[in-house]
Amino acid sequence: MKHKKTVIIGGGIAGLSAGIYCLKNGYDVVLYEKNAAVGGECTGWDRRGYHIDNCIHWLTGCNPADDLYKIWREVGAIDDDVALYREPCFYTLESGDQTLHFWSDIEKARREFLAAAPEDEAELNRFFDSVKMAEAVRVPCEKSLADMNFIEYMRFGMRMAEMGKVIREYGNDTVADLADRFRNGCVREMMRSYFNESYKATALISSYAFYTGGTAGIPAGGSVGMVSRIADRFRKLGGKICTNTCAVKINTYKNRAKSVSFADGSQVECDFVICAADPAVTFGGLLDQRYMDRNLRKMYEAKSGYRVSSTFHVSFGVVGEEDCGIESGSTVCPCKSYTVGTHKFESVAVRMYDYDKTLFPRDRRVIQCNILQDVADYEYWRALYDDKKRYRAEKQRIAETITARITGLFPELANRLILLDTYSPVTFTEWCGAYKGAYMSFYEQKGYKSLTAKNSVRGLKNVVLASQWLTTNGGLPIAVTSGKFAAACIRAADKGHIMEKKTGLCKGDGNER
Ligand SMILES: Cc1cc2nc3c(=O)[nH]c(=O)nc-3n(C[C@H](O)[C@H](O)[C@H](O)COP(=O)(O)OP(=O)(O)OC[C@H]3O[C@@H](n4cnc5c(N)ncnc54)[C@H](O)[C@@H]3O)c2cc1C
């Protein structure tokens, strides 16, 4: 098989993972990435002597008991020498003189909430019991949900049976509905302040369960460190990476891809192609939309059923080593209202990066504010982006507003914040081709099911997809497993092709006949 050449388009986590599994299966692999570095959305960069970690707030699968752990080890993301930081808390709410924590120690959190809001005792116990049950949630690691037969699907579901009870209780609730179950204003604020209010309540519950169940962690070196370890594994297995190489077209003949064309006019022949770019890029020019999987199409078309979120970021460096009054990790604080994009906000979410001393030594701590945006905001930023002067002025206005809000809340930070960077949802589109600037894939709305699209491409025998976008809610676990499934798909397609040739049933292209 060694001579069979697989071309991968896109060097994010999905593309690198697909490459590693293809190399392990004995294929020649060349990965083409349009940017100067691989990693895609999982990246970070230096500014003014400080480091901005764009991605990993938490990596699911950092527990040896979790199937995902094996995959992260197989692709080189974590190993015995990589320290894993466990945040003590999912996030904190600081509201006036009341502070609430979603502690990773769930009983500690339960006690704190019950003491703060005894009037909500029954509802709080229901919530924390549900978080405990949601620790059973697993990401499929052997096979994509889209490829499981009925028995495999049932077996997989049985492993998460406890989650069924959570879905029965909260399956019809959004985050806003969940918040409205509580009488205490601070608890309500806590529930609705971190995720988009239209997210399903189960998304909040299962995300918190990643912390309480011990599967969430942050590998040393953050996003950039993890990507560089994965890229090293890819290269050590014999893979070749071509950066600054933007694919523009997958050339097909009958039901097979023959070659890939690039923006510089070059072209490479291939036996297989894995499209690991955002599917909005893949089906926005690389391939004709008629090849799109039905479930993927459904998510794009049912706009009120499947939505996307993006963020506007402001990053600051903290001057000096003195205390700044903000706890490590993510804290949400109600504040005087301000506008970003088309939305008004009455709280600010700050994240203090101080846990990884190699990236954020005491005198190089970083504070980031991620401000949630939606499709309407994306369109707003898109229009503004074309007028660079206004775009830059608006980003500066927001940075100044956020500086004022943060220093108002944490006076210890007065005159100690250095603005490092601001970036909008359009930045993600320009940089990675992210659909509507989104940082995760579609999230299903109340009344809509979670969907998974197939890795295989309808009507093309040697082209497969790998991307976080193949399943609702996305994230790094979906990206890395989709890469593994894509490689399995290539192997299956290859075997099928050999069989067809042997049996004389080959309906391939003219070249083979
Ligand atoms: C701010 C932020 C925070 C996040 N936090 C977390 C978190 O805490 N935990 C978590 O699990 N997930 C998190 N995510 C999500 C996570 O980053 C993504 O799920 C994951 O990185 C997606 O990987 P991917 O390979 O599917 O796509 P991408 O990262 O988008 O990779 C696609 C790659 O294809 C390249 N490309 C595009 N077009 C072409 C072309 N024509 N030719 C060649 N190359 C091309 C792009 O440049 C990119 O490198 C976060 C994302 C963001 C933005």
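These figures come from a predicted structure and were not determined experimentally.

### Some points on the domain arrangement of the protein
Part 1 of the argument: What the domain assignment reports for the protein is domain 1 (5-44 + 223-302 + 452-503), domain 2 (87-213) and domain 3 (309-437).
Part 2 of the argument: Centre-to-centre, using C-alpha coordinates, domain 2 lies 26 Å away from domain 3.
Part 3 of the argument: Counting residues at the interface gives 15 residues for domain 2 and 13 residues for domain 3.
Part 4 of the argument: Overall, the association of domain 2 and domain 3 removes approximately 1100 Å² of surface from exposure, summing both partners, and the carbon and sulfur fraction of that is 48%.
Part 5 of the argument: Put simply, domain 2 and domain 3 have one salt bridge between them.
Part 6 of the argument: One salt bridge connects Arg351 with Glu87, and the closest N-O pair in it is separated by 3.3 Å.
Part 7 of the argument: Considering every element that reaches the side of domain 2 that touches domain 3, the biggest residue donor is strand S7 (residues 89-95), with six residues.

### Considerations on the site of the ligand
Part 1 of the argument: With respect to spatial proximity, 37 residues lie near the ligand, and among them Glu33, Glu41, His57, Gln468 and Leu476 are the closest.
Part 2 of the argument: Leu476 places a main-chain nitrogen or oxygen 2.9 Å from an oxygen atom of the ligand.
Part 3 of the argument: Every element with two or more residues in the shell around the ligand is listed here: helix H1 (13-24), helix H15 (425-432) and helix H16 (476-503).
Part 4 of the argument: Looking at side-chain class alone, the shell around the ligand contains 21 nonpolar, 13 polar and three charged residues.
Part 5 of the argument: Here the shell around the ligand spans two domains, since at least three of its residues come from each of domain 1 (5-44 + 223-302 + 452-503) and domain 3 (309-437).

### Looking at unusual backbone geometry
Part 1 of the argument: Backbone geometry places Lys254, a non-glycine residue, at a positive phi of 55°.
Part 2 of the argument: At Asn473, a position not held by glycine, the phi torsion is positive, near 80°.
Part 3 of the argument: Locating Asn473 in the fold gives a position in the loop between strand S23 (460-465) and H16.

### Remarks on the nonpolar core
Among soluble globular proteins, nonpolar side chains are generally buried collectively.
Part 1 of the argument: By size, the foremost hydrophobic cluster in this structure holds 60 residues, and its most contacted members are Ile13, Trp72, Met226, Ile274 and Leu476.
Part 2 of the argument: Among the elements of the structure, H1, strand S2 (28-32), strand S4 (50-53), helix H2 (67-74), helix H10 (222-236), strand S14 (272-275), strand S20 (417-423) and H16 are those that each provide at least two residues to this core.
Part 3 of the argument: Among the domains, domain 1 (5-44 + 223-302 + 452-503) and domain 3 (309-437) are the pair contributing at least three residues each to this core.
Part 4 of the argument: Not counting residues up to four positions away in its chain, the partners in contact with Ile274 are Thr6, Val7, Ile8, Ile9, Ala18, Cys22, Val464, Ala466, Ala486 and Ile490.
Part 5 of the argument: Listed in part, the 46 residues of the second largest apolar core include Phe102, Phe156, Met190 and Met191.

### A closer look at helix H3 (residues 106-116)
Part 1 of the argument: Buried residues of H3: Ile106, Ala109, Arg110 and Phe113, and no others. Down the axis of H3, the smallest arc covering the buried residues is 100°, so these residues share one side. Turned more than 90 degrees off the buried face of H3, the exposed positions are Arg111 and Ala115.
Part 2 of the argument: Structurally, H3 contributes buried residues whose contacts are with strand S8 (98-103), helix H4 (121-134), helix H8 (185-192) and helix H9 (201-212).

### As for the side chain of Asp278
Part 1 of the argument: For Asp278, the location among the structural elements is in the loop between S14 and helix H11 (279-286).
Part 2 of the argument: Buried charge without a partner: Asp278 forms no salt bridge, and the closest opposite charge is Lys34, 11 Å away.
Part 3 of the argument: Dropping the residues within four chain positions of it, Asp278 is found in contact with Tyr300, Cys432, Gly433, Ala434, Tyr435 and Trp469.

### Here we look at the environment of Thr245
Part 1 of the argument: Take Thr245: it is sitting in the loop between strand S10 (240-242) and strand S11 (247-253).
Part 2 of the argument: In this structure the C-alpha to C-alpha distance between Thr245 and Ser228, which are 17 residues apart in sequence, comes to 19 Å.
Part 3 of the argument: Those residues within four positions of Thr245 in sequence are excluded, and the remaining contacts are Tyr32, Glu33, Lys34 and Phe262.
Part 4 of the argument: A polar contact is formed between the side chain of Thr245 and the backbone oxygen of Thr243, at a distance of 2.7 Å.

### Side note on H4
Part 1 of the argument: Its 14 residues place the ends of H4 20 Å apart at the C-alpha level, agreeing with the 20 Å of an ideal helix rising 1.5 Å per residue.
Part 2 of the argument: Turning to H4, its buried residues are Glu123, Leu124, Phe127, Phe128, Ser130, Val131, Met133 and Ala134.
Part 3 of the argument: In this structure, the buried residues of H4 make contact with S8, H3, helix H6 (161-170), helix H7 (175-180), H8 and H9.

### Focus on the pairing of S11
Part 1 of the argument: For S11 and strand S12 (residues 256-262), the ladder comprises six bridges, and the chain directions are antiparallel. Bridge assignment links Ala247 to a residue of S12, and that residue is Phe262.
Part 2 of the argument: Taking the residues that link successive antiparallel strands as the turn, the S11-S12 hairpin has two residues, and the phi of Lys254 there is positive, at about 55°.

### Focus: the packing of H1 against H2
Part 1 of the argument: Contact pair H1 / H2: the axes reach a minimum separation of 10 Å and the direction vectors enclose 80°. Of the possible angle classes, the one that applies to H1 and H2 is roughly perpendicular. Contacts from Ile13, Ile20, Tyr21 and Lys24 in H1 reach Ile71, Trp72 and Glu74 in H2.
Part 2 of the argument: Among the residues forming the contact of H1 with H2, the class breakdown is five nonpolar, no polar and two charged.

Reading the values: the criteria
- Residues numbered from 1 in each chain as written.
- Predicted model: local features only at pLDDT ≥ 70, side-chain atom pairs only at ≥ 80, totals over all residues.
- Heavy atoms only, no water.
- Domains from an automatic or database assignment.
- Contact = heavy atoms within 4.5 Å.
- Buried area = accessible area lost by both parts, 1.4 Å probe.
- Salt bridge = Lys/Arg side-chain N within 4 Å of Asp/Glu carboxyl O.
- Helix = DSSP H or I, 4+ residues; strand = E, 2+ residues; numbered from the N terminus.
- Near = heavy atom within 4 Å.
- Polar contact = N/O pair within 3.5 Å; in protein donor to acceptor, adjacent residues only side chain to side chain.
- Nonpolar A, V, L, I, M, F, W, Y, C, P; charged D, E, K, R; others polar.
- Core = buried A, V, L, I, M, F, W, Y, C linked by side-chain atoms within 4.5 Å.
- Buried < 20%, exposed > 50% of the residue type's maximum accessible area, 1.4 Å probe, protein only.
- Arc of directions from axis to C-beta.
- Lys, Arg positive; Asp, Glu negative; His and termini not counted.
- Expected span 1.5 Å × (residues − 1).
- Pairing = 2+ DSSP bridges.
- Axes fitted to C-alpha atoms, helices over the stretch in contact; angles between N-to-C directions.
- Parallel < 35°, antiparallel > 145°, perpendicular 65-115°, else oblique.

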